[in-house]
Amino acid sequence: MERLSDYIQGERVVRELRQHAPEALEELASDLEQPLNPPLEKAMARSLDDRRVRGFQPAEVLMPLMMETFEVNPQAIAKEELASLEIVCNRCEEVGRCWQAMRGHADADACSEFCPNAKTFMAHGTDEA
């Protein structure tokens, strides 16, 4: 019965939003402070991993917070390098995990386990403006 409840509170909600209100789903994915029940949060993460949230760009939503986590000043990075980091972020296969980590305010050690830009962020960490 718990699996059914999780489905109703998570995957079903995401599927309904994707089908009938994709803008609301994108907004929900972009609002990292919005409280969500655990089944809905897991379903959102799976949808982000599967690229089923149209319009969601990890580099726009997640990368700025990831840079804060690693104490990186974006102004201290050359535009070309920043563009390369954004490409890597948008192609990342751990978007759902990153999304959950940023929602949970994970630290740099936890994020370095999965972030493909972690080494570059660490190299630029604690840069001054």
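Residues numbered from 1 in each chain as written. Predicted model: local features only at pLDDT ≥ 70, side-chain atom pairs only at ≥ 80, totals over all residues. Heavy atoms only, no water.

Asks: Before we move on, could you go through unusual backbone geometry and cite the residues and values that matter?
Replies: Although it is not a glycine, Arg-51 sits at a positive phi angle of roughly 60 degrees. Assignment of secondary structure puts Arg-51 in the loop between α4 (38-49) and α5 (58-61). By relative accessible area, Arg-51 is classed as partly exposed at 41%. With a phi angle near 55 degrees, Glu-71 is a residue other than glycine that sits in the positive phi range. Among the structural elements, Glu-71 can be located in the loop between α6 (63-69) and α7 (79-91). (Helix = DSSP H or I, 4+ residues; strand = E, 2+ residues; numbered from the N terminus. Buried < 20%, exposed > 50% of the residue type's maximum accessible area, 1.4 Å probe, protein only.)

Asks: Kindly report on the packing of helix α2 (residues 11-20) against α4, identifying the contributing residues and their values.
Replies: Running from N to C, α2 and α4 point in directions that differ by 50 degrees, and their axes come no closer than 8 Å. With respect to their mutual orientation, α2 and α4 come out oblique. On the side of α2, the interface is formed by Glu-11, Val-13, Val-14 and Arg-18, while α4 contributes Leu-40, Ala-43, Met-44, Arg-46 and Ser-47. (Axes fitted to C-alpha atoms, helices over the stretch in contact; angles between N-to-C directions. Parallel < 35°, antiparallel > 145°, perpendicular 65-115°, else oblique. Contact = heavy atoms within 4.5 Å.)

Asks: Explain the pattern of salt bridges residue by residue, including any values.
Replies: What the rule picks out here adds up to 5 salt bridges. Note that Arg-52 is salt-bridged to Glu-11, the shortest N-O span being 3.8 Å. Taken as a pair, Arg-52 in the loop between α4 and α5 and Glu-11 in helix α2 lie far apart in primary sequence, 41 residues in all. Residue class for Glu-11 comes out buried when judged on its relative accessible area of 18%. (Salt bridge = Lys/Arg side-chain N within 4 Å of Asp/Glu carboxyl O.)

Asks: Provide a residue-level description of the side chain of Ser-47, including the pertinent values.
Replies: Inspection of the secondary structure assignment puts Ser-47 in helix α4. Engagement of the side chain of Ser-47 in a polar contact is seen with the side chain of Arg-18, the distance being 3.2 Å. The residues touching Ser-47, leaving out its near neighbours within four places in the chain, are Glu-11, Val-14, Arg-18, Arg-52 and Val-53. (Polar contact = N/O pair within 3.5 Å; in protein donor to acceptor, adjacent residues only side chain to side chain.)

Asks: Could you give an account of the environment of Leu-85, naming the residues involved and the relevant values?
Replies: By secondary structure assignment, the location of Leu-85 is in helix α7. By relative accessible area, which is 4% here, Leu-85 ends up buried. Residues Leu-85 and Ala-59 lie 26 residues apart in sequence; the distance between their C-alpha atoms is 8.2 Å. If we ignore the near neighbours within four places in the chain, the residues touching Leu-85 are Met-63, Ile-77, Asn-117, Thr-120 and Phe-121.

Asks: Any details on the nonpolar core? Residues and values, ideally.
Replies: In terms of nonpolar packing, the biggest core is built from 36 residues, with Met-44, Phe-56, Leu-62, Met-66, Trp-99, Met-102 and Phe-121 touching the most fellow members. Breaking this core down by element, the ones donating at least two residues are α3 (22-30), α4, α5, α6, α7, α8 (95-103) and α10 (118-124). The residues contacting Phe-121, other than those within four sequence positions of it, are Met-63, Met-66, Met-67, Phe-70, Val-72, Leu-85 and Cys-115. (Core = buried A, V, L, I, M, F, W, Y, C linked by side-chain atoms within 4.5 Å.)

Asks: Report on a nonpolar patch on the surface, specifying residues and quantitative values.
Replies: Taken together, the side chains of Leu-4, Tyr-7 and Ile-8 present a nonpolar region at the surface, about 250 Å² in accessible area. Examined against the element boundaries, Ile-8 turns out to sit in helix α1 (residues 2-9). (Patch = residues over 30% accessible without salt bridge, like charges linked within 9 Å, V, L, I, M, F, W, Y side chains within 5 Å. Areas by Shrake-Rupley, 256 points an atom, 1.4 Å probe, with all protein chains shown as cover.)

Spatial relationships are all this shows, so hold off on functional conclusions.
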